Amino acid sequence: MKNNKNPDTDTYVLPKRSRYYQALLDIDLLQAGQPYDLLPPTFIIFICVFDFFEKCNYVYTFKKRCLENLELELPDEATTMILNTKGTHGDISKDIKSF
């Protein structure tokens, strides 16, 4: 994907696009009345030809963390990964690198 901006707000759309895709996934995974713990783990993966965070990582992986105690992770099993084709840092598998 490209590093698009909303022309009206001049902000990058990738973060909110990730949130939107997560919502789309979750909405179709449960029927009305089903318990929430039936939601499976989900992964949103973006393959970008740009380095959104400009830190040169191959991969940026996000999960929800408590701001008051960064050791606490919200166990909602939702993961967002941004793969950077321009990356130079980080340990990644040969398969991901060749992909």
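Above this text sits the structure in question.
As a starting point, this report considers the structure included with it. Not measured: the values here are computed from a predicted model.

Examining the overall build of the protein chain
1) Next: A count of helical and extended segments in the protein chain gives two helices and five strands.
2) Next: Ordered by position from N to C terminus, the α and β elements of the protein chain give β-β-α-β-β-β-α.
3) Next: Within the span of the protein chain, comprising 99 residues, buried residues form 22% of the whole.
4) Next: When contacts within the protein chain are restricted to residue pairs at least 6 apart in sequence, those whose partners lie at least 24 apart make up 57%.
5) Next: If you sum the accessible surface of the protein chain, you get close to 7,900 Å²; carbon and sulfur atoms cover 56% of it.
6) Next: Of note, the protein chain has its 12 positive side-chain charges centred 8 Å away from the centre of its 14 negative side-chain charges.

Observations concerning helix 1 (residues 14-27)
1) Next: With 14 residues, helix 1 ought to run about 20 Å at 1.5 Å a step, and its terminal C-alpha atoms sit 20 Å apart, in line with that.
2) Next: Buried positions along helix 1 lie against strand 2 (11-12), strand 3 (42-48) and strand 5 (78-84).

What about the side chain of threonine 79?
1) Next: Structurally, the position occupied by threonine 79 is in strand 5.
2) Next: Engagement of the side chain of threonine 79 in a polar contact is seen with the side chain of lysine 63, the distance being 3.1 Å.

Some points on the sheet that holds strand 4 (residues 59-62)
1) Next: The three strands are arranged 3-5-4 in an open sheet whose pairing can be described as mixed. One side of each edge strand has no neighbouring strand; the edge strands of this open sheet are strand 3 and strand 4. Sheet twist, expressed as the average angle between the axes of neighbouring strands with direction ignored, equals 15 degrees.
2) Next: Across four bridges, strand 4 lies against strand 5 in antiparallel orientation.

Calculation rules
Residues numbered from 1 in each chain as written. Predicted model: local features only at pLDDT ≥ 70, side-chain atom pairs only at ≥ 80, totals over all residues. Heavy atoms only, no water. Helix = DSSP H or I, 4+ residues; strand = E, 2+ residues; numbered from the N terminus. Buried < 20%, exposed > 50% of the residue type's maximum accessible area, 1.4 Å probe, protein only. Contact = heavy atoms within 4.5 Å. Areas by Shrake-Rupley, 256 points an atom, 1.4 Å probe, with all protein chains shown as cover. Lys, Arg positive; Asp, Glu negative; His and termini not counted. Charge placed at Lys NZ, Arg CZ, Asp CG, Glu CD. Expected span 1.5 Å × (residues − 1). Polar contact = N/O pair within 3.5 Å; in protein donor to acceptor, adjacent residues only side chain to side chain. Pairing = 2+ DSSP bridges. Axes fitted to C-alpha atoms, helices over the stretch in contact; angles between N-to-C directions.

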